[in-house]
Structure formats: structure tokens, C-alpha cells
Amino acid sequence: MRRTWAVRSLMAIVVCGLLAPDATRAAVGDFVLLAETASSTVARIDATTNGLLARIDIGGRPLALAANLWKRWAYVAVAGSSNGLVAVKADSLETAAVPGTEGRISAGGLALSVDGQALLHTTLGADGIPSADDTLELLRLNDALWPPTGTVVTNLLTGANPVDVKFSRSERYALVAVKDAPAILLVTADTLVITNQATGLPATAQPAQVAMHPMTNVAYVVLGGGTSAVQIVNLSTRTFSNSVPVDWVPAAGPQAGAFSPNGDRFYVLCTAASNVVA
């Protein structure tokens, strides 16, 4: 059955269905790199036919990837590994560890600046489990040679389990979804200073993913747990609007979302209704 629900107060349609979150895929030329989070592989997919071109094992479950379109390679965050980020050449699928990123276990948030020089990465702190010492870190990348290297510039204690991060369109700010706090933090991208944050989030809210609108400086944050809603953030004014419910019975349990190419629709992956598509 094909179903859609109009979202109150939004020029969008929220749909519960099967979806690959933004953080797990990246378009590079005429193909797409996909982090296959149920396994330990990254796949190269033909953007025209959706066919599998190749697949590489990266030695652990990939949580997220961010692509450098100029260099035609991507950075991959690997679950449960303190060996650092993995760099992958998009054309050959050659892999290499990224020196300077070792010693921290990824929480799954990864965002790369357009020039490929700044990388935001969320970590599970010193203990490797969701806790108060979890961080957002800013890395300066040196990609003059392969493999690229990273240097930590600064970091920010975020609260437990910062699962996603995205740059604003101007890259002056970044938005962080902290799942277990729960919290949504707006920070300066170059110094990681908190400038605003969502207030009044229910204790059951679990901010799960940040999605940037393709045309405007607006972000939607998917709220899972017992909340089932989408939080709207205007990054130009640095303000948070009211959250919009994702209507489904039983509770939808949204986990991720993505905009249509022109931004007039927003699709949500819901654990309670994984077979319903737009």
C-alpha cells in the first residue's frame, strides 16, 4: 500500500519508508558510494542503473562517510574501532587509515567542508561508550598526498551519543544531534562554541539525524524514541521552530530522513513501518 501524510506547518510530505540516510551515501561523479551499515563494506553504485559496480571490505561496520569530490575519495567512520577514520579512493576503492585520527571511537557523525580541508567528527570519548565525555571534534586535513592525514584543532563535550553533524550552507555553523542527552546543538564551525540549542525537548526524544535542505539554509532533525517528530532549524537566523509530529499508529519510530532533490518533500525512515514507501 502506498501512503503519504501531509506534515502540519511544512511545505513537505513526510513518508515512512525504506531510505538510505544522507550520512551513509555520497555522490562522486557518475556513481554513488554507499556505506553498507549492516555489514563491513562500502559499495560503489551506478547512479544511472542503481546497479552494483564494486564493493570493498573496510574491516568494520561503516557508520558514515563524507566525500571529497575534488580528490574523488571519501572518509569513512567505522563502528567500535579506535584505529581512526578510513580513507577510500572512489575510483579504485583502495583504502588506507587516516593518520592523526586514531584513539577515538566514532559515534557516527561525519561532515566535510566543501574545500575538503575541515572535517567534523563525533566520537564516544575516552571510554568508547555513550556517556558525558562524548565529543565533537574539528580536524584539519592534509590531503596533498595519499593517504591524507588529520590533526585535531579543537573539540567540544556534547553529552551522550552525538550521532550526527552537518555544516550549514555557509559552513560558519554546524548542527549536532546528540541522541541520548537528548540535545540539538548549534555551534560555530571553526571554534565549536555553542551559540544556540533546542529547548524543551522531551526526555524521550532521541535526535537521530540532521538533514540539510538542498536549496535553503534550513535543517530538519529527525527525533526518534518516544517523540516521533521532525525539529526544524533555521540556520540563517540560528533559531529553532516547533517540532512537527510524524503521524503513524503505532508510534513511527523515525530514524533517518532525506529531502527530495528540489526540497519540496522530506522522506523519513520509520522502524515501525519499514515497508511503506512514497
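Let me begin by describing the structure that accompanies this report. Everything numeric in this text was worked out from a predicted model, so none of it was measured.

Here the focus is the nonpolar core. By size, the foremost hydrophobic cluster in this structure holds 17 residues, and its most contacted members are Leu-175, Ile-184, Val-221 and Leu-235. Secondary-structure elements contributing two or more residues to this core are β16 (173-178), β17 (183-188), β19 (205-212), β20 (218-225) and β21 (229-234). Apart from the residues lying within four places of it in its own chain, the contact partners of Ile-184 are Leu-175, Val-176, Asn-196, Gln-197, Ala-198, Leu-201, Pro-207, Val-221, Leu-223, Gln-231 and Phe-240. With 16 residues, the next largest nonpolar core counts Ala-111, Ala-118, Val-165 and Val-176 among its residues.

Strand order in the open sheet made by the four strands is β7-β8-β9-β10, with antiparallel pairing throughout. The outermost strands of the open sheet, each flanked by one partner alone, are β7 (62-68) and β10 (95-97). Averaged over all neighbouring strand pairs, the angle between strand axes comes to 25°, with direction disregarded. Relative to strand β8 (residues 73-78), β7 is paired through six bridges, and the arrangement is antiparallel. The residue of β8 that forms the bridge with Ala-64 is Ala-77.

Now for the packing of aromatic side chains. Summed over the entire model, instances satisfying the criterion amount to four aromatic pairs. Judged by centre distance (4.9 Å) and plane angle (80°), the rings of Tyr-220 and Phe-266 are edge-to-face. Placement of Tyr-220 in strand β20 and of Phe-266 in strand β25 (residues 266-270) is noted, with a sequence separation of 46 residues between them. Pair check on accessibility: Tyr-220 and Phe-266 agree, each one buried. Within the aromatic cluster, the residues linked to one another by ring pairs are Tyr-220, Phe-259 and Phe-266. A cation over an aromatic ring shows up here: Arg-44 above the ring of Phe-31, its NZ or CZ 5.4 Å from the ring centre. The aromatic ring of Trp-146 is capped on one face by Lys-89, whose charged end is 4.9 Å from the ring centroid.

Structurally, the position occupied by Ser-131 is in the loop between β12 (118-123) and β13 (135-142). A relative accessible area of 17% means that Ser-131 is categorised as buried. As for Ser-131 and Ala-160, which are separated by 29 residues in sequence, their C-alpha atoms are 4.4 Å apart. Aside from chain neighbours lying at most four places away, what touches Ser-131 is Gly-159 and Ala-160.

Calculation rules
Residues numbered from 1 in each chain as written. Predicted model: local features only at pLDDT ≥ 70, side-chain atom pairs only at ≥ 80, totals over all residues. Heavy atoms only, no water. Core = buried A, V, L, I, M, F, W, Y, C linked by side-chain atoms within 4.5 Å. Buried < 20%, exposed > 50% of the residue type's maximum accessible area, 1.4 Å probe, protein only. Helix = DSSP H or I, 4+ residues; strand = E, 2+ residues; numbered from the N terminus. Contact = heavy atoms within 4.5 Å. Pairing = 2+ DSSP bridges. Axes fitted to C-alpha atoms, helices over the stretch in contact; angles between N-to-C directions. Phe/Tyr/Trp six-rings, centres within 6.5 Å; stacked < 30°, edge-to-face > 60°. Lys NZ or Arg CZ within 6 Å of the ring centre and 35° of its normal.

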